[in-house]
Amino acid sequence: MAWIVDQPRTQKELAEEFASLVSADSILQIPGAHDPMAGLVAKEAGFLSLYLSGAAYTASRGLPDLGFITSNEVAERARDIIRATNLPLLVDIDTGFGGVLNVARTAAEMVEAKIAAVQIEDQQLPKKCGHLNGKRLVSTEEMVQKIRAIKKVAPTLYVVARTDARGVEGKQEARDRSLAYVEAGADAIFPEALEGADEFKWFSNQLSVPLLANMTEFGKTPYFTADEFSQWGFDMVIYPVTSMRVAAKAYEMVFTEIKEQGTQKESLERMQKRSELYSTISYNQFEELDQQIAKTILSKDQ
Ligand SMILES: C[C@](O)(C(=O)O)[C@H](CC(=O)O)C(=O)O
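Okay, so let's go over this structure. (Residues numbered from 1 in each chain as written. Predicted model: local features only at pLDDT ≥ 70, side-chain atom pairs only at ≥ 80, totals over all residues. Heavy atoms only, no water.)

1. Here we look at the overall build of the protein
Okay, so step 1: Helix and strand content of the protein: twelve helices and eight strands.
Okay, so step 2: What you see for the protein is a C-alpha radius of gyration of 20 Å, in line with the 19 Å of a compact globule of 302 residues.
Okay, so step 3: Projected onto its principal axes, the C-alpha coordinates of the protein cover approximately 60 × 45 × 35 Å.
Okay, so step 4: Within the protein, buried positions represent 48% of all 302 residues. (Helix = DSSP H or I, 4+ residues; strand = E, 2+ residues; numbered from the N terminus. Rg over C-alpha atoms; globule rule 2.2 N^0.38 Å. Buried < 20%, exposed > 50% of the residue type's maximum accessible area, 1.4 Å probe, protein only.)

This is the structure:
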């Protein structure tokens with residue numbers, strides 16, 4: 001329950017909360033929420049912070065993750081998720097949607113939308129998923145300028161700098177770039193597409209700032225647990241596209257059933273019931289704001 005019904009939190013409060021969750025003893029598990037409903041369900045499951053993935057956001061619009069979306073589009077989706085959940089949101093801003101000046105505009109827009117934290121990567125446009133081949137990087141100097149621009153325009157934004165160098169130039173270069181990004185003001189580092197336990201451990205021995213692990217599915221990183229990442233010195237782990245992937249498979253199953261059997265009856269048990277849906281979106285609390293609306297009463301099987 002949030003936004004109109006709850007007291008919303010400010011960007012500064014959300015960013016401070018994010019930083020304190022990162023510095024807590026246990027690793028911060030951050031599930032991707034491609035839309036507000038996914039965010040609300042993740043909140044009900046007990047997660048304290050959410051991630052808006054570029055891959056999941058673009059896929060939810062039927063688009064590939066090649067970096068041709070704009071900052072105001074992403075800010076709009078992020079704003080909806082924050083209004084609904086009132087949780088600190090880490091937003092994937094890809095390359096910052098252009099050069100240094102575009103990054104500055106993106107940072108300002110993210111603060112307006114009350115985003116707690118952003119993740120910016122060192123790829124050239126058009127960017128690619130970090131677990132694919134054929135990535136090209138901008139120079140360290142350009143990325144450093146981008147990080148400085150964010151910190152100048154939006155000092156309260158928590159900045160996670162992602163380096164894609166591991167798959168392009170190697171792990172030593174990824175380490176060197178990370179050190180430069182920290183020097184430029186990044187609050188945390190996201191070494192993208194590390195391939196094994198040894199690489200995670202090696203990386204955390206090289207850096208003293210908080211580190212983020214990407215536990216995406218069908219990528220280059222094997223399926224490690226949150227505890228394993230934590231033991232290796234990582235402070236955050238994201239599950240960026242999981243919500244989108246399970247939702248799309250669920251649609252596929254029920255649409256096939258309706259097409260083939262002419263009914264969705266077999267799938268009812270796997271559906272969110274009307275009562276569960278209304279509870280998740282605080283239906284009653286919104287209804288109570290207007291005494292002219294008759295109070296909705298549901299039967300127990302609805
Ligand atoms: C983290 C990521 O940038 C994303 O957009 O969520 C992607 C995830 C993915 O494509 O699986 C990534 O580049 O790792």
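Resuming the write-up.
2. Points about the site of the ligand
Okay, so step 1: Taken together, 16 residues form the shell around the ligand, and within it Ser53, Ala55, Gly130, Glu192 and Thr216 come nearest.
Okay, so step 2: Between the ligand and Ser53 there is a distance of 2.6 Å, counted from an oxygen atom to a side-chain nitrogen or oxygen.
Okay, so step 3: Ala55 is positioned such that a nitrogen or oxygen atom in its backbone is 2.7 Å from an oxygen atom of the ligand.
Okay, so step 4: The fraction of the free accessible surface of the ligand (350 Å²) that becomes covered by protein chains is 96%.
Okay, so step 5: A breakdown of the residues in the shell around the ligand according to their chemical character gives five nonpolar, six polar and five charged. (Near = heavy atom within 4 Å. Polar contact = N/O pair within 3.5 Å; in protein donor to acceptor, adjacent residues only side chain to side chain. Areas by Shrake-Rupley, 256 points an atom, 1.4 Å probe, with all protein chains shown as cover. Nonpolar A, V, L, I, M, F, W, Y, C, P; charged D, E, K, R; others polar.)

3. Let's talk about the nonpolar core
Okay, so step 1: Of all hydrophobic cores here, the largest spans 75 residues; its most connected members are Phe18 and Phe229.
Okay, so step 2: Beyond its immediate chain neighbours, meaning those up to four positions away, Phe229 contacts Ile27, Phe200, Ala213, Met215, Thr221, Phe224, Phe234 and Val237. (Core = buried A, V, L, I, M, F, W, Y, C linked by side-chain atoms within 4.5 Å. Contact = heavy atoms within 4.5 Å.)

4. Examining a nonpolar patch on the surface
Okay, so step 1: A grouping of Trp3, Ile4, Phe286 and Leu289 is seen on the molecular surface, where their side chains present a nonpolar patch of about 400 Å² in accessible area.
Okay, so step 2: Relative to the helices and strands, Leu289 resides in the segment after helix H12 (283-287).
Okay, so step 3: Residue classification places Leu289 among the exposed residues on the basis of a relative accessible area of 56%. (Patch = residues over 30% accessible without salt bridge, like charges linked within 9 Å, V, L, I, M, F, W, Y side chains within 5 Å. Salt bridge = Lys/Arg side-chain N within 4 Å of Asp/Glu carboxyl O.)

5. Brief notes about the packing of aromatic side chains
Okay, so step 1: Counted by the stated rule, this structure contains eleven aromatic pairs.
Okay, so step 2: Plain terms: the ring middles of Phe200 and Phe224 are 6.0 Å apart, the flat faces sit at 80° to each other, and that makes the pair edge-to-face. Remark: Phe224 occurs in the loop between strand S7 (212-214) and helix H9 (226-231) and Phe200 occurs in helix H8 (residues 197-206); sequence separation between them is 24 residues.
Okay, so step 3: The class for Phe200 is buried, based on a relative accessible area of 1%.
Okay, so step 4: The class for Phe224 is buried, based on a relative accessible area of 16%.
Okay, so step 5: Here the basic side chain of Lys171 rests over the ring of Trp202, its NZ or CZ set 4.7 Å away from the ring centre. (Phe/Tyr/Trp six-rings, centres within 6.5 Å; stacked < 30°, edge-to-face > 60°. Lys NZ or Arg CZ within 6 Å of the ring centre and 35° of its normal.)

6. Quick word on the sheet that holds strand S4 (residues 117-121)
Picture the strands of a sheet paired through backbone hydrogen bonds; they go either parallel or antiparallel.
Okay, so step 1: Spatial ordering of the open sheet is given by S2-S3-S4-S5-S6, a layout of five strands whose pairing is parallel. At either end of the open sheet lies a strand with only one pairing partner, and these are strand S2 (50-52) and strand S6 (188-191). Going from strand to strand, the sheet's axes swing by 25° on average, the running direction of each strand aside.
Okay, so step 2: Alignment of strand S5 (residues 158-163) against S6, held across four bridges, turns out to be parallel. Counterpart to Thr163 in the pairing with S6 is Pro191. (Pairing = 2+ DSSP bridges. Axes fitted to C-alpha atoms, helices over the stretch in contact; angles between N-to-C directions.)

7. Topic: the side chain of Thr95
Okay, so step 1: For Thr95, the location among the structural elements is in the loop between strand S3 (89-92) and helix H5 (100-112).
Okay, so step 2: Note on Thr95: relative accessible area 1%, which makes it buried.
Okay, so step 3: A distance of 3.3 Å separates the side chain of Thr95 from the backbone nitrogen of Phe97, its partner in a polar contact.
Okay, so step 4: The residues touching Thr95, leaving out its near neighbours within four places in the chain, are Val103, Ile120, Glu121, Gln123, Leu125, Lys127 and Lys146.

8. Some details on the sheet that holds strand S1 (residues 28-31)
Okay, so step 1: A sheet is described by the order of its strands in space; here three strands give the open sequence S1-S8-S7, paired in parallel fashion. Each edge of the open sheet is held by one strand with a lone partner, namely S1 and S7. The average angle at which neighbouring strand axes cross in this sheet is 20°, direction not considered.
Okay, so step 2: As defined by bridge partners, S1 adjoins strand S8 (residues 236-239) across four bridges and the pair is classed as parallel. Bridge pairing in S8 links Pro31 to Tyr239.

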